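# Summary of the model geometry
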Amino acid sequence: MPKILAFSGSIRRDSWNRKLIRAAVDAARAAGGEVTLIDLADYPLPLYNGDLEDRDGLPDNALRLKALFKEHDALLIASPEYNSSIPPLLKNAIDWVSREWQGESGLVPYQHKVAAILAASPGTFGGMRMLPHLRQVLNTLGVLVLPGQFSLAHADTAFDEENGALKSPARLHALVLELVNTSTALARPSL
């Protein structure tokens, strides 16, 4: 059973991406994944600054996130789009986790990871202009990002008002199933 770390690139209380990540987590669990859902609001970090890192080392929350990344086989990320790119909260978390620590490469938390990337927006693009940027960053760090991705346009009408469920989940479920299956296959010991 693959261990999947899931989080949203938004900490807004009523964020569409927080709703989307919860739907994706439910799908991943139904597909057999062991999922840890975290909220980046629980890991506040200063804006990355090399001088701060040189002076104080890595913040405790960066070390906590780094440990979580290392404990999991896969990443499931839902993120909003800010000016057609990655929001600063998400990019900052990724950057802090990627820092070298006590002689260990900053790439270690990302090595041998598979990721599925998602985006939601009330607009017509559904956050899809951000997804290639996130894919590039994760690929650079050594993450195998699944070729498929999920963007949810018109997110303001995509969720059921009574139970918060995604009204049309088939594409999301297919991507999450691919994440679980790929993570499982890659985690198997070679014969």
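Provided above is the structure to which this section pertains.
For the structure given in this document, a descriptive report is provided here.

Here we come to the packing of aromatic side chains. Overall, the coordinates contain four aromatic pairs when judged by the stated rule. Chaining the aromatic ring pairs together yields one cluster made of Phe7, Phe69 and Tyr110. When the ring centre of Phe159 is taken as reference, the NZ or CZ atom of Lys19 above it lies at 6.0 Å.

Below, the discussion takes up the packing of helix α3 (residues 60–71) against helix α4 (residues 88–97). Two quantities define a packed helix pair, namely the angle between the axes and the distance from one axis to the other. Put simply, α3 and α4 touch, their axes get as near as 9 Å, and they point 80° apart. Here α3 is positioned roughly perpendicular relative to α4, judged by the angle of their axes. For the pair α3 and α4, the contacting residues are Ala62, Leu65, Lys66 and Phe69 in the first and Ala93, Trp96 and Val97 in the second. In terms of residue class, the contact of α3 with α4 is built from six nonpolar, no polar and one charged.

With that settled, the discussion passes to the pattern of salt bridges. Should their charged atoms come close, side chains of opposite charge can pair. Scanning all chains against the criterion turns up seven salt bridges. In this structure, Asp56 and Arg55 form a salt bridge, with 2.8 Å as the shortest nitrogen-oxygen distance. Judged by its relative accessible area of 63%, Arg55 falls in the exposed class. Between Glu81 and Arg129 there is a salt bridge, with its nearest N and O atoms 2.5 Å apart. Of the two residues, Glu81 is situated in the loop between β3 (74–79) and α4 and Arg129 in the loop between β4 (114–120) and α5 (131–140); the sequence distance between them amounts to 48 residues.

The rules we used
Residues numbered from 1 in each chain as written. Predicted model: local features only at pLDDT ≥ 70, side-chain atom pairs only at ≥ 80, totals over all residues. Heavy atoms only, no water. Phe/Tyr/Trp six-rings, centres within 6.5 Å; stacked < 30°, edge-to-face > 60°. Lys NZ or Arg CZ within 6 Å of the ring centre and 35° of its normal. Axes fitted to C-alpha atoms, helices over the stretch in contact; angles between N-to-C directions. Helix = DSSP H or I, 4+ residues; strand = E, 2+ residues; numbered from the N terminus. Parallel < 35°, antiparallel > 145°, perpendicular 65-115°, else oblique. Contact = heavy atoms within 4.5 Å. Nonpolar A, V, L, I, M, F, W, Y, C, P; charged D, E, K, R; others polar. Salt bridge = Lys/Arg side-chain N within 4 Å of Asp/Glu carboxyl O. Buried < 20%, exposed > 50% of the residue type's maximum accessible area, 1.4 Å probe, protein only.

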